[in-house]
Structures are given as structure tokens and as C-alpha cells.
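A structural walkthrough
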Amino acid sequence: MSAASPHRRPTGRRRLALIGLATLAAAGLGAVPLVVNAGAAAPADLAHGVLPARDGWAADGAGTTGGRTADPAHVFTVSTRAELARALAAGPADAARIIKVKGLIDANTDDNGRPLGCADYARGTGYSLDAYLKAYDPAVWGRSKVPTGAQENARKAAQARQAARMTFTVPAHTTLVGVPGTGAGITGGSLMVKNADNVIIRNLSLTDVRDCFPQWDPTDGSTGNWNSAYDAVSLRGATHVWVDHNSFTDAPHPDSANPSHFGREYQVHDGAVDITNASDLVTVGYNTFSSHDKTMLIGSSDKDTKLRVTLHHNVFRGIVQRAPLARVGQIHLYDNYYDTAESDGYAHSYSVNSRAGAQVVAQNNYWKLSPDRRIEDLLSGDGTGAVAGGGNLVDGRAADLVGAYNTAHPGKKIKSTVSWTPALAAGLEPAAGLPAELAARAGAGVLADNGGGTSAAPGSGGGRTLTVAADGSASYRTVQQAVDAAAPGDTVLVARGTYRETLDVPAAKRGLTLKGATGNAEDVVITYDNAAGTARPGGGTYGTAGSATATFSANDLTVTGLTVQNTWERSAHPEVKDTQAVAVNAAGDRQRYLNSRFIGHQDTVLNWAPKPTGQYRQYFRSCFIAGDVDFVFGNATAVYDHVNITLRDRGAAAGGNNGYLAAPSTDAAKQYGILITDSTVSSAARADTFSLGRPWHPGANAIGRLVIRNTSLPAAVKRQAPWSDMGGFAWKSARFAEYANTGPGAGTGPNRPQLSAAQATAHTARAYLAGSDGWNPAG
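Notes on the structure follow. Values in this document were obtained by computation on a predicted structure and should not be read as measured data.

**So, the side chain of R621**
In this fold, R621 is placed in strand β44 (residues 617-621). With a relative accessible area of 18%, R621 lands in the buried category. Among residues more than four places away in sequence, those in contact with R621 are A436, Y593, L594, N595, D641 and H642.

Here it is as C-alpha cells:
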């Protein structure tokens, strides 16, 4: 092959045959994870799911399995408060049980389902709010002692009557799970896990847990406070508890609707999840906390014990404080997303408070700051707690949270070292991808509350997690084995190691997540070395698409924290003429590739639309891509956002040809092809030896579209003429353009078409990916 023509590429019908349209069919319908059954395939069996290995502190020891072993007599489906109460109390207290919540249960109802209000609970107790206010007005009662006497006793009696209806005690070995697609949840109810082991609470919307009878305490703080009694989930002396894929909110009755008495808000809501009284080995993951004040308390006092708790991949939006407040314990916070903007009147105060004996490790969390908040506002403490860790981002930038806080609060400095190291952190990933994951899940309608709310959990997979380890320490040794066993919407979690295999994720595996367990893509490598011209067992050759190390045909796929590479080398196989060697064949719609690495030489990433005019969108964010010839190519709509691209040096001399970055073949009917935006291209190759791209023209309708914008280009790019013809088709007949690029390889001129500022507004990640359903993984 000559230097000017290094890439033999079949064209027309022969090329399409080599792609293999029969094996790259459009993705079929399947279950959307943890939400609804979107088609014929059955949803994942959430009820029998168990906490994956190494998934936080609750995975310690025997792990957390809930009611997985329940016999048929102890599997219940409930839709009313009375049914839920009976299921929780049925049979021996230590019997394994599964309770499936179908629809929304109102906890404040009688046994006939009639709603009960505060007046119903107060009736016959002698309590009235007016009488209570008169009795304990600070002008009468003073501020030095808590209320006692007739009205306080009446308040307690009324509160006890409400507690008997809306507090549910969850026994050991129980799984309490929402039925997907039914808007499953409990409104006004408090789940109490007290002195119980091995409990799972998942896939529920837990809303508006209101105390009709809060207590006035004039000694609480300098001005006194109203204190309510109920948490949505309360763990007291509980062990091995997994709180997964739930949503927590005060809606539809936010605190802004509360009156004030004695100059203080009449607070009717307490905690969302409180973990106290020597509770231990708890994992709280993939939940959404919104429109709430005192979100999570860890430790009932500064002298509490145990309290080993993991929080990961939770969303905190529109919360005031305690996310969490940690008094005691070893607390691991990783990959949580915090949005400090005010919502429904809930104004941010702080996110994480560490005090007394708390040793918090905060890793790879992401904060989105509202204009009125600063980095030093994100932590809080009394000068006795510790927060260690790193990889945390604030608005996409690395941040020293402890340093910022300590500078602003020199009298209450937080320690920055702890005496323990987290060992149970499955799914730890860089924080940079969290906003995109959250936006993508929201756009896909993957809601933590089964469609009954508006919040999504970033990175959430399906009902099951299938583990892979090459050394045999997990359920599967190869990634393909796990994919074959997975149901739509499941997560395949791949341990550190190198996996020499080819991988095929077919269309039927819709909603699958493939995830490197360490969060570092360099640790988890899938590799093979076929080329288009490599002989296939049984005859023939693989063809371009068939050479792929990994073929991803499923819609709604997420790949994160992995390396996929094709190591085939031209120099080692001079007998092979068709030298295309694909690493990734992306052939589905609404696919996300996050924090991953894709490495090859020729044709590294194929962005493929099995139906050329069909809707196939693929989003690459915070990834690394390397190659030398046409290594980003195809006819799908693909966005490369904040990626690092390396042009590999083939050793061309001055004035020679090292290769081409991209080769789009977008159908003429499509407005959008390949977009590279806000990225960095680098190369060690000689200056002026690389083309930005050339038009792959396999047929008359293939009029490639490629836009490169706001991207840094290296000196290796040909400054005067960065676009090349291909196979007799002129680059000027394609749709190539640049906008606001920088670096030594950037430039303007007659051979460098530029978008105008007005045109550039139509060439954004959001515009390319919206399609007919408004998909917006880019945020």
C-alpha cells in the first residue's frame, strides 16, 4: 500500500455485505431497568436480587441478601397499608420474606382504606395546637426547659396514635421492593429497621413523611426549634442493610408551606434516611434525595458506635443539609452527585458534615454549584471530624474541599486524614462522567421511583449485577459469558484484568450496562487482534465490522470504565491486504460510552447505522480514542464530547501522509453525522502529516457530515489542507466544517470551511442527539 493510499476499503454493496446487516439489526424492545417493562421481555427479578460483591459496607462478611430465600408462603404483593402491615408481621419474625409493593400506598389510612388526618389522630386525646401554643409560649413557659404537663402529654398521645398507623417495622431477612411500572411507593409512611439484620429496601418512592404533632423544644439552639419524629427510613441497631434505587422527597408538601410558631418553622418532616444506634454495614446506592431539609444522619450521638456506611451514586438535589451528617463511624462517599441549587424553597446550607469520631472518605463525587454557593460551603464540622479522599469535582474542576473549608473556618478545621482505607467500592468511577450519566438516564426515562417522579439516578443499571473476573473469583470468567446470561437492563461488572476475547452484545440486550469495577479504564481491558482480511474459521474473512473486538448492537447501552482494543498490526501481517481492524462496532441507538478507552490503528471505532436513514445515536464522553487511519468512521450520528484523541504516528516523512482521523459516510437525508466537540487531539507525528478526515462514499447517498469544533489540534494536522479526497470522491462534495478550534494545527483558509456563529448553534451535542425523543445525555 502506498503512503498516499494506505486504506483499502470495500465500497457499495460489497462493503455493506461485509458489515453484515443481518447481524446488525435494529435493537429490539426490552425492559427499562428498574422502571417498566417496555416490551415483550420480562423485567429483571428485582425481588430476588442481592447486593453485589464489594458493593459498599453492606457487602462485608456474608453480604446482604434480604428475603432471597423466602418460600412461596412468604412472598407477598401488597397495594394497601393494611396488606403491607400484615405481610411484615406474617409468620415467624425471622422468616425470610419478600414484599412487593404494587402502586402507591398511603400510610395514613384506616384498615378500610379511609384516609386519616391529623384531627383523626388527635380526637379524644385532649390535644389542640392552639392550646399547645398557649401553654408553651416562651413568654409564658420560658426557654430553659422542655415542655411538660397536660398538653405535652396529650401531644404525645396523639403522636403515638399516628405512629401506630404510619410506622412499619421491617424484620430481618426481608426484601421490600417496588413492582416496576406501577408507581410503587409509600406516602406518609416511615420504615423502621430496628435491631434487624439483612434487609433490602429498593425501587420505592418514599414521600411526604409528615408528623402531625411536632414537639416544641425551646432549649434546641439559641432560639428553640420544632422537632418532628419520623424518618422515611430509620435504621436503629440494624446491620447489613441495602437501600437501593429509591426516591425520597417531601413533595407534594414542601417545608415552604409550613407556618411559623414562636419565630421558628413548624417543622413536620425529619430525616430521609437516618442510620443510628450502632447500626452497621449499610450501603445506600442509586437513590434520589430531593426537596428535603435534614437528609441523612449517621450516629444518634457523638458517642454512638459502629456505623460503617457507604453512600454511592446517589443524587442530592434541592436538599438543605445532612448529605450526610456523620457523627461517628467509617463513612465512604463515592460517585454521588450534588446540585446545590434551591428547589421548592429548600436552600442549600452544606452537603457533608463530619464531626466527633466520624472518619469520612469522599471520593469522586461531583458538585454542581449554584451561583450563590462556594466550595467552602460544601462541608461542615465542629473541628473534630475528618474528611479524606480525592477525585472530587466542583463544576467539572478538581477541588480541595477540606482545604477550602478550613481556610474559611480556621476555628473549626476538618482533619484531612483517616485511619482506614475503603476496600469495598465496586463501581468506583471518575466523577467527570456523572453529569452525563444522570442526564442520559433522565432522558431515557429511567426513574428511581418507577415513573412516579422526575428524578434519575446516575449510572443505574438493572435489577441484577453479573460479576466477571478472569481469575475465577466472580460468577463468570469471560465478559461474553456474563452478557449471554444477562437480561435486558442488567449490569455486567468486570473486575480488574485483561480479557482476551471478542464480545458481542446483541440487540436483545437492551439497556445493558458494561462497567469496569475499578472506575479506571486502564485496569479493565478487553482485547483481540482480528483484521478485515483475517481468515475466518470455516472459510472467508471477517470483513471490517466482523473484525471488531466488541460489537454493541443493543439500544440504551452504557459502557463505562473499560478499555477495548484491537492490537492487530500491519507490519506483522504483510500478507493481509484488508487492514481494517475495528476495536468497537457501535451499532445501536442511545448508546453511551463514558470514561473508557478505545485503541486501534485503522478503523478503531465504527459508528454504524444498520439502516442508513434510521435513528442511531452514540455519545462518547470523557473517553480516549487512538488510531491512525479513518479511526472514527461510519454513518451513525455520533458525538465525541470532551474526549482525548491520539493520532498515532506511522513514521511518515516530511510532506508525507500519516493518516486520517475520521471517515464519515452519513446518509444525505440525515442532518447530523459525526461531531467532535470540546476535545483535545494530540500526536507525536511529524507536523503537517495528518488529515482531519476524508469522505467514505460507499454509495450515492453517502454524503459524509463531520464537524470539529472548540477542539485543540496538534501540529501534526495539515494546516493548509486538512481534508482529503477518498476513492475518487472529493472532500468538497462532503459536509465538513470547523468552528473555533485552537492549537498549532488550527487554521482558516479556502481549504478549511468554517461554521458561522449562527450555524454553530445548530451543531451541538444536544442538537445532534435529540432525535425524535429529545434524548439529552450531554446535559
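From this point, the discussion proceeds with the structure in view.
**Thoughts on the state of the cysteines**
Counted according to the given criterion, the structure contains one disulfide. Each sulfur in the disulfide pair C118 and C212 lies 2.0 Å from the other. Taking the sign of the S-S torsion, about -75° here, the bridge from C118 to C212 comes out left-handed. Residue C118 is located in helix α3 (residues 118-122), and its partner C212 is located in the loop between β9 (205-207) and β10 (215-217); the two are separated by 94 residues in the primary sequence.

**Some remarks on the pattern of salt bridges**
Enumeration according to the criterion identifies 29 salt bridges in this entry. With a closest N to O distance of 2.9 Å, E152 and R155 form a salt bridge. Here R155 and E152 lie together in helix α6 (residues 150-166), a separation of three residues that amounts to about one turn. Across the pair R373 and D377 runs a salt bridge whose closest N-O atoms are separated by 3.7 Å. Overall, R373 belongs to the buried group, its relative accessible area being 17%. Given a relative accessible area of 13%, D377 falls into the buried group.

**Here's the deal with the packing of helix α4 (residues 129-136) against α6**
The contact between α4 and α6 brings their axes to 9 Å, and the two run at 140°. Comparing the axis directions of α4 and α6 gives the class oblique. Crossing handedness for the pair α4 and α6: left-handed. Here A131, Y132, A135 and Y136 of α4 lie close against α6, whose contacting residues are A150, Q151, E152 and R155. A class-by-class count of the residues in the contact of α4 with α6 yields five nonpolar, one polar and two charged.

Each value, and the rule that gives it
Residues numbered from 1 in each chain as written. Predicted model: local features only at pLDDT ≥ 70, side-chain atom pairs only at ≥ 80, totals over all residues. Heavy atoms only, no water. Helix = DSSP H or I, 4+ residues; strand = E, 2+ residues; numbered from the N terminus. Buried < 20%, exposed > 50% of the residue type's maximum accessible area, 1.4 Å probe, protein only. Contact = heavy atoms within 4.5 Å. Disulfide = S-S within 2.5 Å. Salt bridge = Lys/Arg side-chain N within 4 Å of Asp/Glu carboxyl O. Axes fitted to C-alpha atoms, helices over the stretch in contact; angles between N-to-C directions. Parallel < 35°, antiparallel > 145°, perpendicular 65-115°, else oblique. Left-handed = near helix turned anticlockwise from the far one by under 90°. Nonpolar A, V, L, I, M, F, W, Y, C, P; charged D, E, K, R; others polar.

All we've got here are geometric facts, nothing functional implied.
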